[in-house]
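Observations on the model geometry
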Amino acid sequence: MDMEKNMMIAVKIKEVRAQVAAWKKEGLTVGLVPTMGYLHEGHTSLVDKAVSLCDRVVASVFVNPTQFGPGEDLETYPRDFEHDCALLAAHGCDLVFHPDVAEMYGEEAATYVEILSEMPKQLCGKTRPIHFRGVCTVVSKLFNIVQPDKAFFGQKDAQQLAVIKKMVQDLSYGIEIIGCPIVREQDGLAKSSRNTYLNPEERKAALVLSKAIFLGEKLVSEGEKDAGKILTAMRERILQEPLARIDYVSAVNGVTMMPVDKIEGEVLVALAVYIGKTRLIDNFIVKG
Ligand code: PAF
């Protein structure tokens, strides 16, 4: 195991297990922040939250192949492990788990964790049919390796957060799942490792996502309850941007992810939009 300042870097599962066991023997609580690296302020806000709630914090940096479909950006997904470590150390992370694919999956892994309801087929699941199976599988493995008390996920990936909460409930994991707010650039664009794919013209065009989100939030705050009207206004706003192509703009139940017509109870209003070749997501939640 390597050390960066006071932060440990582990590449083997057994190193993580040994360190976490030692912490648990001392009666310390452990928080887990799963990431795919190329960290930004969205990720560090999760680490900050974990540091504030747990005695020790483990972050994983692993670009998980099982959650990328054919033709997606697995090979080109941005990576900068040195910068990730500097950020994690600066935010008080205690241990970074950075396995390679062989360490995580071995040669002949044939077991997946998959939610068989409609939930993972909605929203992003329509264009990314194997995505949430891969997410559940790797997060489940990380839970088994780290055995954290709490795990931290961004609200930006709202469907992922809902899917993980469902998996934790269904598989009786004794882990508290904590969702953390979306972190935005100053001009409103939600932080994402994929923003780096945008050229300057696309970066400007990408602002249409947050503009549509803010418009939707405004309509809700003005009392609009008809989901259809809100979604139409948001779609029209996005279509004003020539570089944007809508994947979906939807309103769904905040727990089940099934479509709703009315803004009642907890509702997730979410969108995915291609800017050029880059697919970006954003959302807001209405608490009932
Ligand atoms: O949100 C992500 O970065 C990934 O989906 C996660 C949760 C780290 C699993 O690979």
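Our subject is the structure listed above.
These remarks concern the structure in this document. Keep in mind that what you see is a predicted model, and the values were worked out from it rather than measured.

Conventions adopted
Every chain is numbered independently, its residues counted from 1 as its sequence is written. The model is predicted, so local features are restricted to residues of pLDDT at least 70 and side-chain atom pairs to those at 80 or more, both for listing and for counting; the totals for chains, interfaces and linings are taken over all residues. Only heavy atoms go into the side-chain values, all of them from the structure, while hydrogens and water stay out. Think of it this way: any DSSP run of H or I at least four residues long counts as a helix, any run of E at least two long counts as a strand, and we number them from the N terminus. Atoms counted for the radius of gyration: C-alpha only. Globule rule: 2.2 Å times residue count to the power 0.38. Think of it in three bands: residues with accessible area under 20% of the maximum for their type are buried, residues over 50% are exposed, and the middle band is partly exposed, with areas taken using a 1.4 Å probe on protein chains only. Contact between two residues is taken to exist if any of their heavy atoms lie within 4.5 Å; hydrogens are not considered. Positive charges come from Lys and Arg, negative ones from Asp and Glu, while His and the chain ends are left out of the count. The atom standing in for a charge is NZ when the residue is Lys, CZ when it is Arg, CG when it is Asp and CD when it is Glu. Pairing between strands is defined by DSSP: at least two bridges between the two strands are required. The angle between two axes is taken between their N-to-C directions and runs from 0 to 180 degrees, where each axis is a line fitted to C-alpha atoms and a helix contributes only its stretch in contact. The cutoff for a nearby residue is simple: one of its non-hydrogen atoms must lie within 4 Å of the molecule or strand. We define a polar contact as two N or O atoms separated by no more than 3.5 Å, with the added condition that, inside protein, one atom must be a possible hydrogen donor and the other a possible acceptor, whereas residues neighbouring each other in sequence contribute only through side-chain atom pairs. All accessible-area figures derive from a Shrake-Rupley calculation using a 1.4 Å probe, and residue coverage is judged against the displayed protein chains alone. Here the term charged refers only to Asp, Glu, Lys and Arg, the term nonpolar to Ala, Val, Leu, Ile, Met, Phe, Trp, Tyr, Cys and Pro, and the term polar to all other amino acids, Gly among them. The rule for a salt bridge is simple: a side-chain nitrogen of Lys or Arg has to be within 4 Å of a carboxyl oxygen of Asp or Glu. Here is the rule for angles: anything less than 35 degrees is roughly parallel, anything more than 145 is roughly antiparallel, 65 through 115 is roughly perpendicular, and the remaining ranges are oblique. Left-handed describes a crossing whose near helix is turned anticlockwise from the far helix by less than a right angle; the clockwise case is right-handed.

Regarding the overall build of the chain
The helix and strand inventory of the chain stands at 10 helices and 10 strands. Expected size for 288 residues packed as a compact globule is a radius of gyration near 19 Å; at 19 Å, the chain falls within 12% of this value. For the chain, the spread of C-alpha atoms along the three principal axes comes to 55 × 40 × 40 Å. The proportion of buried residues among the 288 residues of the chain is 52%. Here the contacts in the chain between residues at least 6 apart in sequence split such that 72% fall between residues at least 24 apart. In the chain, which carries 34 positive and 39 negative side-chain charges, the distance between the mean positions of the two groups comes to 3 Å.

So, the sheet that holds strand E10 (residues 278–286)
Pairing within the open sheet is antiparallel, and its three strands lie in the order E8-E9-E10. Here the strands that pair on one side only, and so sit at the sheet edges, are strand E8 (244–253) and E10. Across the sheet, the axes of successive neighbouring strands diverge by a mean angle of 15°, strand direction being ignored. By the bridge criterion, nine bridges tie strand E9 (residues 267–275) to E10 in an arrangement that is antiparallel. Along E10, the bridge assignment pairs Val269 with Phe284. Each of E8, E9 and E10 touches helix H9 (residues 207–221); the most contacted strand, E10, lies at about 15° to it.

Things to note about the site of the ligand
The environment of the ligand is made up of Pro34, Thr35, Met36, Asn64, Gln67, Val135, Val138, Phe153, Asp157 and Gln160. Interatomic distance of 2.6 Å between a side-chain N/O atom of Gln67 and an oxygen atom of the ligand. In isolation the ligand offers 290 Å² of accessible surface; the protein chains occlude 89% of this area. Elements supplying a minimum of two residues to the shell around the ligand: strand E3 (30–35) and helix H6 (131–146). Class assignment of the residues belonging to the shell around the ligand gives a composition of five nonpolar, four polar and one charged.

A look at the pattern of salt bridges
Overall, the coordinates contain 13 salt bridges when judged by the stated rule. The partner of Arg194 in a salt bridge is Asp73, with the nearest N and O atoms 2.8 Å apart. Here Arg194, found in the loop between strand E7 (176–180) and helix H8 (200–205), pairs with Asp73, found in the loop between strand E4 (56–61) and helix H3 (81–90); they are 121 residues apart in sequence, far enough to count as distant. The pair Arg194 / Asp73 is uniform in exposure class, with both members buried.

Side note on the environment of Ser52
Turning to its location among the elements, Ser52 is positioned in helix H2 (residues 41–53). The sequence separation of Ser52 and Gly31 amounts to 21 residues, and the corresponding C-alpha distance is 9.8 Å.

Looking at the packing of H9 against helix H10 (residues 227–239)
For the pair H9 and H10, the least separation of the axes is 9 Å and the interaxial angle reads 155°. Put simply, H9 runs roughly antiparallel to H10. Crossing of H9 over H10 shows right-handed handedness. For the pair H9 and H10, the contacting residues are Val208, Lys211, Ala212, Ile213, Leu215, Gly216, Leu219 and Val220 in the first and Ile230, Ala233, Met234, Arg237 and Ile238 in the second.

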